Amino acid sequence: MGVEQLAANTWQIFEHSTPTTTMIASAVRRAIAEFGGSIGAVFVDYLQQIPLESGGNMAHEVGKITRQIRAIAKEHKIPVFLGCQINRGNQTTADKRPNHHLLLDKTIIC
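Read on for an overview of the structure.

**Some remarks on the nonpolar core**
Ile-24, Val-28, Ile-39, Val-42, Ile-50, Ile-69 and Ile-72 are the most contacted members of the largest nonpolar core, which totals 15 residues. With five residues, helix H2 (residues 21-34) is the single largest residue contributor to this core. With residues near it in sequence (within four places) discarded, Val-42 still touches Val-28, Ile-78, Pro-79, Val-80 and Phe-81.

**Focus on the environment of Ser-26**
Within the fold, Ser-26 resides in helix H2. Classification of Ser-26 as partly exposed rests on a relative accessible area of 23%. For Ser-26 and Ile-72, which are 46 residues apart along the polypeptide, the C-alpha to C-alpha distance reads 9.7 Å. Among the polar contacts made by the side chain of Ser-26, one reaches the side chain of Arg-30 at a distance of 2.8 Å.

**Structural notes on the side chain of Glu-61**
Here Glu-61 lies in helix H3 (residues 58-76). Within the buried core, Glu-61 has no salt-bridge partner, and the shortest N-O distance to an opposite charge, that of Lys-64, equals 5.0 Å. Not counting the four nearest positions on each side in its chain, Glu-61 is found in contact with Leu-52, Glu-53 and Ser-54.

**Concerning the packing of H2 against H3**
Packing of H2 against H3 brings their axes to within 10 Å, and their N-to-C directions diverge by 15°. As judged from the angle between their axes, H2 and H3 are roughly parallel. Two packed elements cross with a definite hand, and for H2 against H3 that hand is right-handed. Counted together, Thr-21, Ile-24, Ala-25, Val-28, Arg-29 and Ile-32 of H2 and Ile-65, Gln-68, Ile-69, Ile-72 and His-76 of H3 form the full contact between these two elements.

Rules behind the numbers
- Residues numbered from 1 in each chain as written.
- Predicted model: local features only at pLDDT ≥ 70, side-chain atom pairs only at ≥ 80, totals over all residues.
- Heavy atoms only, no water.
- Core = buried A, V, L, I, M, F, W, Y, C linked by side-chain atoms within 4.5 Å.
- Buried < 20%, exposed > 50% of the residue type's maximum accessible area, 1.4 Å probe, protein only.
- Helix = DSSP H or I, 4+ residues; strand = E, 2+ residues; numbered from the N terminus.
- Contact = heavy atoms within 4.5 Å.
- Polar contact = N/O pair within 3.5 Å; in protein donor to acceptor, adjacent residues only side chain to side chain.
- Lys, Arg positive; Asp, Glu negative; His and termini not counted.
- Salt bridge = Lys/Arg side-chain N within 4 Å of Asp/Glu carboxyl O.
- Axes fitted to C-alpha atoms, helices over the stretch in contact; angles between N-to-C directions.
- Parallel < 35°, antiparallel > 145°, perpendicular 65-115°, else oblique.
- Left-handed = near helix turned anticlockwise from the far one by under 90°.

And the structure:
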């Protein structure tokens, strides 16, 4: 899809500094209702902004969040793109390109 095609689409931004997965699911349902029963995709920026529900194991909590996001995608049959912060280790390499090993919380999200 080219930039022109993206620009021609209707975009809706739900902005919240710490959205829960419940809030994201609700925003998706509202957008689907508003746009006549379907939307093209959901972009979540970014995983680390979604608050953890408990002070427990980080890997368990991140896994729970990603499963909930996946459930939203499956329920509404839409792609959900979940951004994830990388560590800055790529800044020390010659090509400066991010790699899989630089993803934070990578054991659960990959």
